[in-house]
Amino acid sequence: MMDKLLIDIHQSLGISEVHLSTNKLKFQPQPDLNSLEIVEIDFEGKPFILQASAAIAWRAMKDAAQKNQIQLKPFSGFRSYLHQKSLIERHLKNERLIENILTHIAIPGFSEHHSGLAIDVHADGKNILEEDFEKTQEFLWLKKNAPRFEFRLSYPRDNDQGIIYEPWHWYYTGR
Ligand SMILES: [Zn+2]
């Protein structure tokens, strides 16, 4: 299931068998690169990448939101194993414990972002990836309408996956 690259990444981050065995997230293989596309350039100038099926659903959802004067802005889509590693390394440099980091950043190989089917949404005027995203009109719109486009909230409050509440993180289930 896990390739050599992932095993090396885990080793270099200090992720042990114990961390892996208590991990409740599903393994997320990286898709074939040909199935990914750059959907748009995000507000930070980064490419926002999804699998083609999720990209179609995202565009339809974004258009529908726009008709209600809601601007859905993506922050993260597809993310590689190595990118996930660099996110964790940044926190390790700040001397945070790996156990604490893993409550809000998935072990490389286990982030839904590897699938190209997950999207983090940003709202103007808010800090990125913070819980008060749930107070925005963007969130209220998504809560009501995202299921129609086959997106679901992956990490609701008090989820049993060991991940903090992430109102900004939506996953495309329609594939
Ligand atoms: Zn996310």
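These figures come from a predicted structure and were not determined experimentally.

Colleague: So what exactly am I meant to see when it comes to helix H3 (residues 52–67) here?
Modeller: Side chains of residues three or four places apart in an α-helix project in the same direction, reflecting 3.6 residues per turn. A rise of 1.5 Å per residue sets the reference length of H3, with its 16 residues, at 22 Å; its end C-alpha atoms lie 23 Å apart and thus fit the reference within 8%. Turning to H3, its buried residues are Ala-54, Ala-55, Ala-57, Trp-58, Met-61, Ala-64 and Ala-65. A positive backbone phi angle near 60 degrees is found at Gln-69, which sits one or two residues after H3.

Colleague: Before we go on, may I ask you to explain the coordination of the zinc ion in this structure?
Modeller: Four donors placed tetrahedrally around a metal ideally meet at 109.5 degrees, and six donors placed octahedrally ideally meet at 90 or 180 degrees. Distances from the zinc ion to its protein donors, namely His-113 (NE2), Asp-120 (OD), Asp-120 (OD) and His-169 (ND1), fall within the range 2.0 to 2.8 Å. Considering all four donor atoms around the zinc ion, angles at the metal cover 51 to 153 degrees and the coordination shape is irregular. One chain supplies every donor for the zinc ion, spaced along it as H-x6-D-x48-H. Note that His-113 is positioned in the loop between helix H5 (98–101) and strand E4 (118–122) and His-169 in strand E6 (residues 169–172), a separation of 56 residues in sequence. Of the two residues examined, His-113 and His-169, each falls in the buried class.

Colleague: Help me understand the environment of Trp-170, please; the structure alone is not making it clear to me.
Modeller: Position of Trp-170 among the secondary structure elements: in strand E6. Residues Trp-170 and Ala-118, 52 residues apart in the sequence, show an inter-C-alpha distance of 5.6 Å. If we ignore the near neighbours within four places in the chain, the residues touching Trp-170 are Leu-117, Ala-118, Ile-119, Val-121, Phe-139, Leu-142, Lys-143, Ala-146, Phe-151, Arg-152 and Leu-153. Within polar-contact distance, the side chain of Trp-170 engages the backbone oxygen of Pro-167 at 3.0 Å.

Colleague: It is not clear to me how the pattern of salt bridges should be interpreted in this structure. Could you clarify?
Modeller: Oppositely charged side chains can form a pair if their charged atoms are brought close together. Tallying each qualifying case throughout the model produces 12 salt bridges. With a closest N to O distance of 3.8 Å, Arg-79 and Asp-120 form a salt bridge. With a gap of 41 residues between them, Arg-79 in the loop between strand E3 (73–76) and helix H4 (81–93) and Asp-120 in strand E4 connect regions that are remote in the sequence. You'll find Arg-79 and Asp-120 in the same group, each marked buried.

Colleague: For this particular structure, what's the right way to read the packing of helix H1 (residues 4–13) against H4?
Modeller: Packed helices, taken two at a time, are described by their axes: the angle between them and the distance between them. Relative orientation of the contacting elements H1 and H4 amounts to 0 degrees, with a least axis distance of 11 Å. Taken together, the axes of H1 and H4 are roughly parallel relative to one another. Contacts between H1 and H4 pair Leu-5, Leu-6, Ile-9, Ser-12 and Leu-13 from the former with Tyr-81, Leu-82, Lys-85, Ile-88, Glu-89 and Leu-92 from the latter. Residue classes in the contact of H1 with H4 are distributed as eight nonpolar, one polar and two charged.

Criteria and thresholds
Here, residues in each chain are numbered from 1, in the same order as that chain's written sequence. Only residues with pLDDT of at least 70 get local features here, since the model is predicted, and only at 80 or more are side-chain atom pairs given and counted; chain-wide, interface and lining totals rely on the full set of residues. Remark: hydrogens and water are excluded; side-chain values derive from all non-hydrogen atoms of the structure. Helical segments are the DSSP runs of H or I of at least four residues, strand segments are the runs of E of at least two, and each set is numbered from the N terminus. One fewer than the residue count of a helix, multiplied by 1.5 Å, yields its expected span. A simple rule labels every residue: compare its accessible area, found with a 1.4 Å probe on the protein chains alone, to the largest value its type can have, and call it buried under 20%, exposed over 50%, or partly exposed in between. Counted as coordinating are nitrogen, oxygen and sulfur atoms within 2.8 Å of the metal, or 3.2 Å for Na, K and Ca, while water is not included, which may make sites look incomplete. When four donors show all angles between 85 and 135 degrees the site is tetrahedral, when four or six donors have opposite pairs over 155 degrees and all other angles between 65 and 115 it is square planar or octahedral respectively, and in every other case it is irregular. By definition in these notes, contact holds between two residues if any of their heavy atoms fall within 4.5 Å. Polar contact is the term for a pair of N or O atoms within 3.5 Å; when the atoms are in protein, one must be able to donate a hydrogen and the other to accept it, and sequence-neighboring residues count only if both atoms are side-chain atoms. For this document, the term salt bridge refers to a Lys or Arg side-chain nitrogen within 4 Å of an Asp or Glu carboxyl oxygen. Angles here are taken between N-to-C directions and fall from 0 to 180 degrees, while the axes themselves are lines fitted to C-alpha atoms, restricted in helices to the stretch in contact. Just so you know how the angles are binned, under 35 degrees is roughly parallel, over 145 roughly antiparallel, 65 to 115 roughly perpendicular, and the rest oblique. Residues are grouped as follows: nonpolar covers Ala, Val, Leu, Ile, Met, Phe, Trp, Tyr, Cys and Pro; charged covers Asp, Glu, Lys and Arg; every other residue, Gly included, is treated as polar.

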